[in-house]
Amino acid sequence: LIFNCSKSNVYKILKTLRNKNIIKIAYKGIYYKIQYSTVLIGRLLPPNLYDVILILAKKNNEILQLNGGHTANLFHISKHVPMIEAFYTNGRTRELVLAGSRVKFTHVSNKKIFQYSLQPIGDALSCMYFLGERLVDSSTVQKIRKCIGEKNFSILKKLDLDPWMNAVLNDN
């Protein structure tokens with residue numbers, strides 16, 4: 001939608017909506033519509049944190065990838081559950097509070113980790129980089145293979161990776 005109004009008018013409208021408890025701020029410049037829980041009557045529901053993170057990344061022209069510790073847990077390789085959301089980024093390292101939740105962004109200069117970012121193949125890469133050469137063995141690769149599927153696993157094997165990763169992937 002395109003409207004002919006000034007920036008100050010937009011801010012006045014947003015302020016009015018905030019004062020009437022129709023919208024809230026998730027982070028600077030990112031707003032969400034207030035929704036109430038049907039189970040816990042009267043409790044506000046937070047916005048989808050993942051959506052807020054994606055909007056922030058797009059706003060800052062960043063590429064994101066889930067942190068390897070989180071992906072290791074998703075692939076049932078590690079039983080450690082991350083307490084805060086953590087992402088690798090090509091932007092700067094920082095920790096933010098988005099919609100009341102702490103989110104950590106860690107700068108990574110290795111561009112290989114951002115191949116297929118926020119997709120199952122990218123999650124597998126992140127997991128293997130996080131665990132490192134000493135911990136990634138055939139059982140780890142089998143768990144990753146089971147979680148991402150055969151099609152994605154065959155794509156993963158063809159990617160430009162570190163030599164140790166290529167060796168472990170091609171053995172399976």
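Whatever comes next refers back to the structure up there.
Residues numbered from 1 in each chain as written. Predicted model: local features only at pLDDT ≥ 70, side-chain atom pairs only at ≥ 80, totals over all residues. Heavy atoms only, no water.

Now for the overall build of the protein chain. Of regular secondary structure, the protein chain possesses 7 helices and 8 strands. The C-alpha radius of gyration of the protein chain comes to 20 Å, more than 25% above the 16 Å expected for a compact globule of 172 residues. Considered along the principal axes of its C-alpha atoms, the protein chain spans approximately 60 × 40 × 30 Å. Across the protein chain, the fraction of contacts at a sequence separation of at least 24, relative to all contacts at a separation of at least 6, is 52%. Summing over all exposed atoms, the protein chain offers an accessible surface of approximately 11100 Å²; the carbon and sulfur share of this is 55%. In the protein chain, 25 positive and 11 negative side-chain charges are present, and the distance between their average locations comes to 15 Å. (Helix = DSSP H or I, 4+ residues; strand = E, 2+ residues; numbered from the N terminus. Rg over C-alpha atoms; globule rule 2.2 N^0.38 Å. Contact = heavy atoms within 4.5 Å. Areas by Shrake-Rupley, 256 points an atom, 1.4 Å probe, with all protein chains shown as cover. Lys, Arg positive; Asp, Glu negative; His and termini not counted. Charge placed at Lys NZ, Arg CZ, Asp CG, Glu CD.)

Right, let's talk about the sheet that holds strand E8 (residues 101-107) for a bit. The sheet built from 4 strands is open, its strands ordered E5-E6-E8-E7 with mixed pairing. Each having just a single partner strand, strand E5 (64-66) and strand E7 (94-98) make up the two edges of the open sheet. Across the sheet, the mean angle from the axis of one strand to that of its neighbour is 30°, orientation sign disregarded. Note: strand E6 (residues 85-89) against E8, 5 bridges, orientation parallel. By the bridge assignment, Thr-89 is partnered in E8 with His-107. Across the sheet, helix H4 (residues 120-131) lies against E5 and E6, angled at about 70° from E5, the strand it touches most. (Pairing = 2+ DSSP bridges. Axes fitted to C-alpha atoms, helices over the stretch in contact; angles between N-to-C directions.)

Counting across every chain of the model gives 4 salt bridges. Here Asp-162 and Lys-112 are joined by a salt bridge, their closest N and O atoms 3.4 Å apart. Pair noted here: Asp-162 is in the loop between helix H6 (150-158) and helix H7 (163-170) and Lys-112 is in the loop between E8 and H4, with a separation of 50 residues, a long-range link. Judged by relative accessible area, Lys-112 falls into the partly exposed class, the value being 24%. Among the ionic pairs, Arg-145 bridges to Glu-150, the shortest N-O distance being 3.1 Å. By relative accessible area, which is 18% here, Arg-145 ends up buried. (Salt bridge = Lys/Arg side-chain N within 4 Å of Asp/Glu carboxyl O. Buried < 20%, exposed > 50% of the residue type's maximum accessible area, 1.4 Å probe, protein only.)

Take the pairing of E8 next. As paired strands, E7 and E8 are joined by 5 bridges and run antiparallel to one another. By the bridge assignment, Val-97 is partnered in E8 with Arg-102. If you look at the hairpin formed by E7 and E8, you'll find 2 residues sitting between the two strands, and Ala-99 has a positive phi there, around 55°.

Take the environment of Pro-82 next. You can see Pro-82 is positioned in the loop between helix H3 (68-74) and E6. Taking the C-alpha atoms as reference points, Pro-82 and His-70, separated by 12 residues in sequence, lie 6.2 Å from one another. In contact with Pro-82, other than residues within four places in its own chain, are Gly-69 and His-70.

Here Thr-140 is to be found in helix H5 (residues 138-148). Take Thr-140: its relative accessible area is 6%, and that puts it in the buried class. Contacts of Thr-140, omitting those with residues within four sequence positions, involve Ile-77, Leu-131 and Leu-135.

Our focus in this paragraph is the packing of H5 against H6. Their axes nearest at 6 Å, the elements H5 and H6 cross at an angle of 125°. Overall, the two elements H5 and H6 adopt an arrangement that is oblique. Side by side, H5 and H6 meet where Val-141, Arg-145 and Ile-148 of the first sit next to Glu-150, Asn-152, Phe-153 and Leu-156 of the second. Here the residues of the contact of H5 with H6 are counted per class, giving 4 nonpolar, 1 polar and 2 charged. (Parallel < 35°, antiparallel > 145°, perpendicular 65-115°, else oblique. Nonpolar A, V, L, I, M, F, W, Y, C, P; charged D, E, K, R; others polar.)

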